Amino acid sequence: ETAFFAPHVLTDSEGRATIEFTMPDSVTSWRVFVHAIARDLSSGSVVRDARSARELLVRPYLPRFFREGDSAELTVVVNNTAARVLEGTLQLSITDASDPLGTSLLKQFQVAADQQRFRVEPNQSTQLRFRLAAPHRVGTYAFKVVATSGDFSDGELRQLPVLPSRMHLSQSRFATLRDK
């Protein structure tokens, strides 16, 4: 990804300027190249590293799939890169991925509570867990987690299939051949 910013920047009496720009929505570090040319054709360049981060970030850890009747503990990590303590609520919702109405399936997954409170110290993370059991119904389900703390919020939506509980296996036999 590339962020491009081409402003008309005014400098102070010592030739220093401060710029602000919007970066693409990625949590990463960036190499920033700044090239400036003045009206008298004097110029300057600088290269710096910048870091983009969300103050509040959620990362759900889901398996690739469930089998019918599987029990699991869904872990969600909440990261705080803000300079202050963040307290808030983490909300879990589970729906049928093909249902346009988004009817809740939390009861079918035996989720006891759909939300949990959290508190995260600055530059720390915390883990929240939801116990669940996959229903005896094959299909693709949408798992959504949203963390909210004051003006900050972050969320993630992932599809997760529930596969049949039994698999049909092919029977194979081995034969040993000897050369006489």
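Now for the packing of aromatic side chains. In this structure the tally under the stated criterion is 3 aromatic pairs. For the pair F66 and F143, a centre-to-centre distance of 6.3 Å together with 45 degrees between the ring planes defines the contact as tilted. Remark: F143 occurs in strand β9 (residues 139-149) and F66 occurs in strand β4 (residues 66-67); sequence separation between them is 77 residues. Each member of the pair, F66 as well as F143, carries the same accessibility label: buried.

This part is about the side chain of T75. Structurally, T75 can be placed in strand β5 (residues 71-80). In contact with T75, not counting residues within four places along its chain, are R59, P60, Y61, Q127, L128 and R129.

Within the secondary structure, L62 sits in the loop between β3 (56-61) and β4. In this structure, the C-alpha to C-alpha distance between L62 and L160, residues 98 residues apart in sequence, is 8.1 Å. Once residues within four sequence positions are removed from consideration, L62 is found in contact with L74, F143 and R158.

So, on to the sheet that holds β4. Across the sheet, which stays open at both edges, the 5 strands sit in the order β4-β10-β9-β6-β7 with mixed pairing between neighbours. In this open sheet, the two strands that pair with only one neighbour each are β4 and β7 (115-120). The pairing of strand β6 (residues 86-96) with β9 spans 8 bridges and is antiparallel. Following the sheet pairing, Q91 is matched in β9 by V146.

The rules behind the values
- Residues numbered from 1 in each chain as written.
- Predicted model: local features only at pLDDT ≥ 70, side-chain atom pairs only at ≥ 80, totals over all residues.
- Heavy atoms only, no water.
- Phe/Tyr/Trp six-rings, centres within 6.5 Å; stacked < 30°, edge-to-face > 60°.
- Helix = DSSP H or I, 4+ residues; strand = E, 2+ residues; numbered from the N terminus.
- Buried < 20%, exposed > 50% of the residue type's maximum accessible area, 1.4 Å probe, protein only.
- Contact = heavy atoms within 4.5 Å.
- Pairing = 2+ DSSP bridges.

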